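# Geometric and topological summary
Here is how the chains run, residue by residue.
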Amino acid sequence: VKSKNNNEKNVIQLLNTDLVILNGKEMLSVFKDIDGSFDLKLTMTNKTMDGEVKLNKASLKLIPLADIPVYVKSGLITLNEKDIVLKNFKGWYGNSEFNSIKMDGTIKDYCKSVNMDIKVLTEVTNDFAKNYISKVANIPIEIVGHSKTFFLIKSLYNKMNITWLY
């Protein structure tokens, strides 16, 4: 199957039914307001599945980080019957493209345990501290200037851990 310029909202509706991927709804539970478009190339047999999803553009909000908006300009998702690999995701968060994001990672056993290991490289600014971390920590936090940093996002079953290395 090959198709171009697919609407992400249609796929999200399908994944939320858990008909295509068991735990599809669970995998998406940390995101909201997902939108965008992608190109798809998928090969399936009775025993295997291989696919590639090229993001044209996307946006979403990450619920565990105070609904921080994330915008993706490009990225590649490869998948098979067991694993999903995220490659070369580039975009930004919050209110400015200066808040750059680069992301790579894997989601192993996505039909059962959703064993996720994702690394996000980013530029941390006061926008992040004041508008998102302050809400999560429930105290006012501000930073002066900006800094390169990264997040490690890990999950297993329905438990998620976000580690910020600043």
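Quick caveat: nothing in here was measured; it's all calculated off a predicted structure.

## So, helix α1 (residues 8-15)
Looking only at α1, the buried set comprises Glu8, Ile12 and Leu15. The buried residues of α1 all sit within an arc of 65° when viewed along its axis, so they share a single face. Seen from the buried face of α1, the exposed residues on the opposite side, beyond 90 degrees, are Asn10 and Gln13. On its buried side, α1 packs onto β1 (2-7), α2 (24-27), β2 (31-44) and β3 (49-62).

## Quick look at the confidence of the model for the chain
The predicted model of the chain has a mean per-residue pLDDT of 88, with 96% of residues at 70 or higher. The weakest mean pLDDT in the chain belongs to α2 at 74; the strongest belongs to strand β5 (residues 83-93) at 95.

## A few points about the packing of aromatic side chains
Given two aromatic rings, one states the distance between the centres and the angle between the planes to describe the pair. Enumeration over the complete set of coordinates arrives at 5 aromatic pairs. Consider the rings of Phe128 and Trp164, whose centres lie 5.4 Å apart with planes at 80°: the pair is edge-to-face. Remark: Trp164 occurs in strand β9 (residues 159-165) and Phe128 occurs in helix α3 (residues 126-137); sequence separation between them is 36 residues. With a relative accessible area of 3%, Phe128 lands in the buried category. Taking relative accessible area as the criterion, Trp164 reaches 31% and is therefore assigned partly exposed. A cation over an aromatic ring shows up here: Lys119 above the ring of Phe150, its NZ or CZ 4.5 Å from the ring centre.

So, how was this worked out
The residue numbers shown here count from 1 along each chain, following its written sequence. Predicted model: local features are reported for residues with pLDDT of at least 70 only, side-chain atom pairs are reported and counted for 80 or more only, and whole-chain, interface and lining totals are derived from all residues. Working from all heavy atoms in the structure, the side-chain values ignore hydrogens and water. Three labels apply to residues, based on accessible area from a 1.4 Å probe with only protein chains included: buried if under 20% of the type maximum, exposed if over 50%, partly exposed otherwise in between. Segments assigned H or I by DSSP are reported as helices when at least four residues long, segments assigned E as strands when at least two residues long, and all are numbered from the N terminus. This arc is built from the directions going out from the helix axis to the C-beta atoms. In this analysis, two residues are considered to be in contact whenever any of their non-hydrogen atoms come within 4.5 Å of each other. One confidence number per residue, pLDDT, is output by the predictor and ranges from 0 to 100. For Phe, Tyr and Trp, rings pair up if their centres lie within 6.5 Å, where Trp contributes its six-membered ring, and each pair is then called stacked (planes under 30 degrees apart), edge-to-face (over 60) or tilted (otherwise). Charge-over-ring contacts are defined here by two conditions on Lys NZ or Arg CZ: a distance within 6 Å of the ring centre and an angle within 35 degrees of the ring normal.

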